[in-house]
Amino acid sequence: MTFVKPAFRHPGLPKNKIGFRKADYEGAISTLCAGCGHDSISGAIIQACYEMAIEPHKIAKLSGIGCSSKTPTYFLGNSHGFNSVHGRMPSIATGANLANRDLIYLGVSGDGDTASIGLGQFCHVLRRNLNMVYIVMNNGCYGLTKGQDSATADFGSMSKEGSVNPFQPIDLVGLSLELGASFVARSFSGDKTQLVPLIKAAMSHPGFALLDILSPCVTFNNNTGSTKSYDYVRDHIEATSVLDFVPEKEEITVDYEEGTSSSVVMHDGSLIQLSKLSPHWNPTNRDSAVNRLQEAKAKGEILTGLLYIDPKSVELHQILDTVEKPLNTLREKDLNPGTSALEKINASFR
Amino acid sequence: MMTVSAVNDMVIRFANVNGTGSASANEMFAKAIFRMGIPVSPKNIFPSNIQGLPTWYEVRVSEQGYLGRRDGVDLLVGVNPQSYAKDIASIKEGGYFVYDSTKKLHPDYVRKGIQYVGIPMMQMCMENYDNPRHQQLFKNIVYVGALVALLDIEIEVIQDIIRAQFSKKEKLIPPNFKALDLGYQYARSHFDCPLHIRLERRDNVGDQIMIDGNTATGLGAIYAGATVAAWYPITPSTSVVKAFETYVKKLRVDPETGKKKYAIVQAEDELAAIGMVIGATWNGARAFTATSGPGVSLMSEFLGLAYFAEIPVVLVNVQRGGPSTGMPTRTQQSDLLSSAYASHGDTKHVLLFPSTPAECFDMSVKAFDLADRLQTPVIMMSDLDLGMNSHMSPPLKWDDERKYDLGKVLNAEELEKIEKYGRYLDVDGDGICYRTIPGTHPTKGSFFTRGTSRDEYARYSEDGDVYQRIVDRLSKKWETAKSAVPVPEVYQEGSRSTQGIIFFGTSSYAALEALDLLKQQGIMLDAMRIKAFPFNSTVEDFIEVHEEVFVIEQNRDKQFRSLLVNELEVSPKKLSPILNYDGTPITADTIMQQIMHHLPASVSVVSSNHKSKTL
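Calculation criteria
- Residues numbered from 1 in each chain as written.
- Chains lettered and ligands numbered in written order.
- Predicted model: local features only at pLDDT ≥ 70, side-chain atom pairs only at ≥ 80, totals over all residues.
- Heavy atoms only, no water.
- Helix = DSSP H or I, 4+ residues; strand = E, 2+ residues; numbered from the N terminus.
- Rg over C-alpha atoms; globule rule 2.2 N^0.38 Å.
- Buried < 20%, exposed > 50% of the residue type's maximum accessible area, 1.4 Å probe, protein only.
- Contact = heavy atoms within 4.5 Å.
- Lys, Arg positive; Asp, Glu negative; His and termini not counted.
- Charge placed at Lys NZ, Arg CZ, Asp CG, Glu CD.
- Areas by Shrake-Rupley, 256 points an atom, 1.4 Å probe, with all protein chains shown as cover.
- Pairing = 2+ DSSP bridges.
- Right-handed = clockwise from strand over helix to strand, strands pointing away.
- Buried area = accessible area lost by both parts, 1.4 Å probe.
- Salt bridge = Lys/Arg side-chain N within 4 Å of Asp/Glu carboxyl O.
- Polar contact = N/O pair within 3.5 Å; in protein donor to acceptor, adjacent residues only side chain to side chain.
- Nonpolar A, V, L, I, M, F, W, Y, C, P; charged D, E, K, R; others polar.
- Axes fitted to C-alpha atoms, helices over the stretch in contact; angles between N-to-C directions.
- Parallel < 35°, antiparallel > 145°, perpendicular 65-115°, else oblique.
- Left-handed = near helix turned anticlockwise from the far one by under 90°.
- Core = buried A, V, L, I, M, F, W, Y, C linked by side-chain atoms within 4.5 Å.
- 1 Å grid on protein atoms, 1.4 Å probe; cavity = no way out; pocket = protein on both sides within 12 Å on 5 of 7 lines; lining within 4 Å.
- Points joined across faces, edges and corners; volume = space filled by probe spheres on them.
- Phe/Tyr/Trp six-rings, centres within 6.5 Å; stacked < 30°, edge-to-face > 60°.
- Lys NZ or Arg CZ within 6 Å of the ring centre and 35° of its normal.

Side note on the overall build of chain A
Line of reasoning, step 1. For chain A, the helix and strand inventory stands at 12 helices and 13 strands.
Line of reasoning, step 2. Computed over the C-alpha atoms, the radius of gyration of chain A is 21 Å, within 12% of the 20 Å expected from 2.2 N^0.38 for a compact globule of 350 residues.
Line of reasoning, step 3. For chain A, the spread of C-alpha atoms along the principal axes amounts to about 75 × 50 × 50 Å.
Line of reasoning, step 4. Counting across all 350 residues of chain A, residues that qualify as buried make up 57%.
Line of reasoning, step 5. Long-range pairs, those at least 24 residues apart, make up 70% of the contacts in chain A between residues at least 6 apart in sequence.
Line of reasoning, step 6. Charge-centre separation for chain A: the mean point of 32 positive side chains lies 7 Å from the mean point of 36 negative side chains.

Let's talk about the overall build of chain B
Line of reasoning, step 1. Of regular secondary structure, chain B possesses 19 helices and 25 strands.
Line of reasoning, step 2. The C-alpha atoms of chain B give a radius of gyration of 27 Å, which matches the 25 Å a tight globule of 615 residues would have.
Line of reasoning, step 3. With an accessible surface of roughly 23400 Å², chain B has 49% of that area assigned to carbon and sulfur atoms.
Line of reasoning, step 4. Measuring between centres, the 65 positive side-chain charges of chain B sit 3 Å from its 73 negative side-chain charges.

Some details on the pairing of strand E24 (residues 548-553) of chain B
Residues and elements named next belong to chain B.
Line of reasoning, step 1. Counted residue by residue, E24 has six buried out of six residues, so it is predominantly covered.
Line of reasoning, step 2. Side-chain alternation along E24 places Glu548, Phe550 and Ile552 on one buried face and Val549, Val551 and Glu553 on a second face that is also buried.
Line of reasoning, step 3. In terms of strand pairing, strand E21 (residues 499-504) meets E24 through four bridges, oriented parallel. Directly across from isoleucine 502, in E24, lies its bridge partner valine 551.
Line of reasoning, step 4. Two elements, E24 and strand E25 (residues 575-579), share five bridges in a ladder whose sense is parallel. Bridge pairing in E25 links glutamate 553 to leucine 579.
Line of reasoning, step 5. Viewed along the sheet, the connection from E24 through helix H18 (residues 559-568) into E25 turns out right-handed.

Notes on the interface of chain B and chain A
Line of reasoning, step 1. Between chain B and chain A, the contact holds 74 residues from the first and 57 residues from the second.
Line of reasoning, step 2. Taken over both partners, the interface formed by chain B and chain A buries close to 5500 Å², and the fraction arising from carbon and sulfur atoms is 60%.
Line of reasoning, step 3. Between the two partners, chain B and chain A, sit three salt bridges.
Line of reasoning, step 4. Residue glutamate 301 of chain B is joined to arginine 88 of chain A by a salt bridge in which the shortest nitrogen-to-oxygen separation is 2.6 Å.
Line of reasoning, step 5. Taken together, the links from chain B to chain A amount to 32 residue pairs in polar contact (both at pLDDT 80 or more).
Line of reasoning, step 6. Elements with a minimum of two residues in the side of chain B that touches chain A: helix H1 (22-35), strand E9 (209-212), helix H7 (213-223), helix H8 (238-251), strand E11 (263-266), helix H9 (270-282), helix H10 (293-309) and strand E19 (448-450) of chain B.
Line of reasoning, step 7. The element best represented in the side of chain B that touches chain A is H9 of chain B, accounting for eight residues.
Line of reasoning, step 8. Of the residues assigned to the side of chain B that touches chain A, the class counts are 37 nonpolar, 19 polar and 18 charged.
Line of reasoning, step 9. Here three bridges tie strand E2 (residues 80-83) of chain A to E19 of chain B, and the two strands are oriented parallel to one another.

A word on the pattern of salt bridges
Residue and element names in this part refer to chain B.
Line of reasoning, step 1. Enumeration over the complete set of coordinates arrives at 48 salt bridges over all chains.
Line of reasoning, step 2. Between aspartate 385 and lysine 43 there is a salt bridge whose closest N-O contact spans 2.9 Å. Within this pair, whereas aspartate 385 is found in helix H13 (residues 384-388), its partner lysine 43 is found in strand E3 (residues 40-45), the two being separated by 342 residues in sequence. The exposure classification of aspartate 385 matches that of lysine 43, with both residues buried.
Line of reasoning, step 3. Through salt bridges with shared partners, one network takes in Arg286, Asp369, Asp372, Arg402 and Arg435.

Points about the sheet that holds E24 of chain B
Residues and elements named next belong to chain B.
Line of reasoning, step 1. Reading across from one edge, E20-E22-E21-E24-E25 is the order of the five strands in this open sheet, with mixed pairing throughout. Among the strands making up the open sheet, the edge pair consists of strand E20 (489-491) and E25. Each strand of the sheet is rotated relative to its neighbour by a mean of 25°, with strand direction disregarded.
Line of reasoning, step 2. The pairing of E20 with strand E22 (residues 526-530) spans three bridges and is antiparallel. Paired with tyrosine 491 across the strands is alanine 527, a residue of E22.
Line of reasoning, step 3. Lying over the sheet, helix H16 (residues 507-520) contacts E20, E21, E22 and E24, oriented at roughly 155° with respect to E21.
Line of reasoning, step 4. In the packing of helix H19 (residues 588-598) onto the sheet, the strands contacted are E21, E24 and E25, and the crossing angle to E25 comes to about 145°.

As for the environment of phenylalanine 177 of chain B
Residues and elements named next belong to chain B.
Line of reasoning, step 1. Note that phenylalanine 177 resides in helix H6 (residues 173-190).
Line of reasoning, step 2. You can call phenylalanine 177 partly exposed: its relative accessible area is 22%.
Line of reasoning, step 3. Distance in space between the C-alpha atoms of phenylalanine 177 and isoleucine 158 is 9.3 Å, their sequence separation being 19 residues.

Considering the sheet that holds strand E12 (residues 287-291) of chain B
All names here are of chain B.
Line of reasoning, step 1. Strand order in this open sheet of seven strands is E11-E10-E12-E13-E15-E14-E23, and the pairing throughout is mixed. With one partner strand each, in any of the chains shown, E11 and strand E23 (532-533) form the two edges of the open sheet.
Line of reasoning, step 2. When strand E10 (residues 228-231) meets E11, the two strands line up parallel, connected through four bridges. Residue valine 228 lies in a different strand from E11, and its bridge partner there is alanine 263.

Things to note about the packing of helix H3 (residues 89-99) of chain A against H9 of chain B
Line of reasoning, step 1. Relative orientation of the contacting elements H3 of chain A and H9 of chain B amounts to 45°, with a least axis distance of 6 Å. Relative to H9 of chain B, H3 of chain A is oriented oblique. The interaxial crossing formed by H3 of chain A with H9 of chain B has right-handed handedness. Residues Ser91, Ile92, Thr94, Gly95, Ala96 and Ala99 of chain A of H3 of chain A form the contact with H9 of chain B, whose participating residues are Leu271, Ala272, Gly275, Met276, Ile278, Gly279, Ala280 and Trp282 of chain B.
Line of reasoning, step 2. Its residues assigned to classes, the contact of H3 of chain A with H9 of chain B shows nine nonpolar, five polar and no charged.

Notes on the nonpolar core
All names here are of chain B.
Line of reasoning, step 1. Counting residues in hydrophobic clusters, the biggest one holds 149 residues, and the most contacted among them are Phe288, Ile502, Phe560 and Leu564.
Line of reasoning, step 2. Looking at which element gives the most residues to this core, the answer is helix H12 (residues 357-374), with 10 residues.
Line of reasoning, step 3. The contacts of phenylalanine 560, once residues within four sequence positions are left out, are Leu336, Phe353, Ile502, Phe504, Ile530, Phe535, Val551 and Glu553.
Line of reasoning, step 4. The next biggest cluster of nonpolar side chains, apart from the first, holds 62 residues, and it includes Phe14, Phe29, Tyr143 and Tyr184.

Some words on the layout of surface pockets
Residue and element names in this part refer to chain B.
Line of reasoning, step 1. Taken as a whole, the second largest pocket spans an internal volume of roughly 1200 Å³.
Line of reasoning, step 2. Lining the second largest pocket are 43 residues, and of these Ala23, Glu27, Asp212, Met388 and Ser390 lie nearest its centre.
Line of reasoning, step 3. Of all the secondary structure elements, the ones that give two or more residues to the lining of the second largest pocket are strand E2 (9-17), H1, E3, strand E4 (54-62), helix H5 (155-165), E9 and H8.
Line of reasoning, step 4. By residue number, the principal contributor to the lining of the second largest pocket is H1, which donates nine residues.
Line of reasoning, step 5. Class assignment of the residues belonging to the lining of the second largest pocket gives a composition of 16 nonpolar, 19 polar and eight charged.

Comments concerning the environment of serine 348 of chain A
Residues and elements named next belong to chain A.
Line of reasoning, step 1. Counting through the fold element by element, serine 348 comes out in helix H12 (residues 338-348).
Line of reasoning, step 2. A relative accessible area of 45% places serine 348 in the partly exposed class.
Line of reasoning, step 3. Separated by 2.6 Å, the side chain of serine 348 and the backbone oxygen of isoleucine 345 make a polar contact.

Some remarks on the packing of aromatic side chains
Line of reasoning, step 1. Applying the stated rule across the entire model yields 30 aromatic pairs over all chains.
Line of reasoning, step 2. Relative to tyrosine 99 of chain B, the ring of phenylalanine 97 of chain B lies with its centre 5.4 Å away and its plane at 5°, an arrangement referred to as stacked.
Line of reasoning, step 3. Overall, phenylalanine 97 of chain B belongs to the buried group, its relative accessible area being 0%.
Line of reasoning, step 4. One aromatic cluster is present, formed by Tyr341, Phe353, Trp478, Phe504, Phe533, Phe535 and Phe560 of chain B through successive ring pairs.
Line of reasoning, step 5. Of note, lysine 61 of chain A hangs over the ring of phenylalanine 75 of chain A, and the distance from its end group to the ring centre comes to 5.9 Å.
Line of reasoning, step 6. Above the ring of tyrosine 457 of chain B, the side-chain terminus of lysine 420 of chain B is found at 4.2 Å from the ring centroid.

Section: the packing of H16 of chain B against H19 of chain B
Residue and element names in this part refer to chain B.
Line of reasoning, step 1. In contact at an axis separation of 8 Å, H16 and H19 are set at 55° when each is read in the N-to-C sense. Comparing the axis directions of H16 and H19 gives the class oblique. Between H16 and H19 lies a crossing of right-handed hand. Within the contact between the two elements, H16 uses Ala510, Ala511, Glu513, Ala514, Leu517 and Leu518 and H19 uses Ala588, Asp589, Ile591, Met592, Ile595 and Met596.
Line of reasoning, step 2. Classifying every residue of the contact of H16 with H19 gives 10 nonpolar, no polar and two charged.

Structure (structure tokens):
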């Protein structure tokens, strides 16, 4: 069944700097359950792209398999999308990025997709610091196959059927910090205020940006005893900071009130402005992020916000030292060494 | 005593210890013969280990240009006592055993009917070199020096090769020359040189080169304009990407900025390798990967996605002995079915079968054009024998006027003219639709790529009719592919024979020789060398007009025959298998004997002056 939104929009709706309305960033109507956290994240992506005034066709959206991986259909209808195979979106994103470094790569995955079958590819795309935003819509369960525990389900968390998870979870944020990710954030699908600037900052970050977003599954994991239910998350959330993202194109007028806010300058001059809740939060210190994460875990808190960013991140194209021009634009004259070179090669084999 | 006797027609085998540096000395020996204008075919027969175990290198010399493997060894250089028993047994009656006589040969190894040529190789090295590693390495050059005298090789040719090899380490040239001379002088002063088998300069190699198939394949990828290579190491395919890397570093770096016009990623596994290729080609770059059987198994899920979502993929499968880990350093043609039908559901893929390094180059280039034209995976089916052994080959050729066939890709201007773009609309009726590359147009041409069923406008659909329309169109595309792939080569002399032979890939060397051997027996058979799957219509015609067709292949289960039966719906009874699957390249003798055994007595005997065929 295909859902199509009516094309008509009120002509008076506001446009962003490049003349696109918010509707230009929307996709097809969602087929996910009403109240699904994933739809809120789709909404945040639409908002972030609209506010960033990105041309929709300059974004490529990629996903694996699962409820979360269906969402790229529901946002950025004018962008090319790729719904690949289970857990293997990172390799598709890597190849796509190698071919054209000029697009923004937005990968969407779920906790099943990333933390189980895709764990290997997740680790390696992170390790290569591919310039992409990697969003995990994390609900701790497999929605499409009706609610089995995923590898991120917390120890002791109760499923809808009443069984208690006997295994330790894989914490994708902790893992990413350990593996050396250059941008690590956690958020909650219900916290659009935090989520939108995080997505904007992640898109501006040159390198791998992880957004682990708790996104409760209303149908299979929103019950009492679940640690990924709306109620549980709302009761245990602890933000590291309230942040705002100011793109380079805007006039940067940030109020630097000593002791209450700080900012991180991105490679392109954009700013991430953090209003501190936690008095000593420094998002450029990996060690403190790891420690604070462990503390939060011990206290049963769900720590959200920008946990770590490396402002000197060196992404894959820089590591490989490829030409500035996208490789997919190079043609015969750039690529083919011609007959004279081949004659020399032949001669070396005589 | 009977003695083998021949000029420019022999098999020389070296029995070495893996890891002792013998490979380069042995290659030097083969190259010297090539440079004397005599056709030569060297083959590594090596174990799957790092060092210490027996390893062999075999050189067939054939003035007539037969480059397949031949049974029977005329001269064996044995420097590995571990394998003496087996090595000595492999020598033809009247053949020679050249060995290290530093230690006296055990009486168990004395065999009547062969001739012993003892050279105190280690002793000479101990006396002339101090460094133990040098003593080991130069032993190899000592036996090459002895062979120069014993077989009458032009010593200047070997010296030139040494000079070229050590041009960047010139101080190594004199000690190499010395080792060469030690062997040479010892042989000259202790034996009647040359032996009854010997070499004589000829002019039979023309402008050919000696190159391995993997290097030619890697070069093909460069000439085809591949910019992304993603791979995971596996024998015997590793050197494809290594060759790509070696040459692309020299040929594809921007001279002004020093930046690379290519990206090579060693992936974490084969799954990621092909995923990267799919991502890159989806995004409009030319990309490839190389692997061998186990890698194809891992890539299968993605191959199905690429087939169904219609994404170009170039995959080089350098086949080795299976199943499972099988014989990783031995050759076979046993991934035919697993490659042709890789992945679940109704999936099939275009296969190319190169026979020579020049064809590896050409087909590597062709694979990219075909993949883009057909928007589907194309798998080049090389094998260890072709990929890792040096072969005499026509030189690699390129036409500077040649343009890449990028297939049906719409640019922004073209999209502008289209009212409603449909990614999976069969506009031209050939089953191939128009694709767009991400980032092409702000509002037109974007679509969603997926492995799930969708309609002509790339919209998700589970409607049975819609699904059937899409998979039927893929069948139509398969029909289109039949006329796009390389056509078979037919070898026919005079009037049509009642029996025919079909072969492909590296079996071709031995098959063509077998045809000549059969002719010497008075039997002339039509032959066809198939270069691609799907089968061109001429394949069906060839089978149709012959009463019986022998299908030569290097696997146990007659996989190529199964493909013919399955795809062309011919009677299996019509196709007689000729097989070899011991991990070594098939020989002409094997083919001839199996065919002779099978032929009815009624096959007419004709006489003809035979002339060797070339690939």
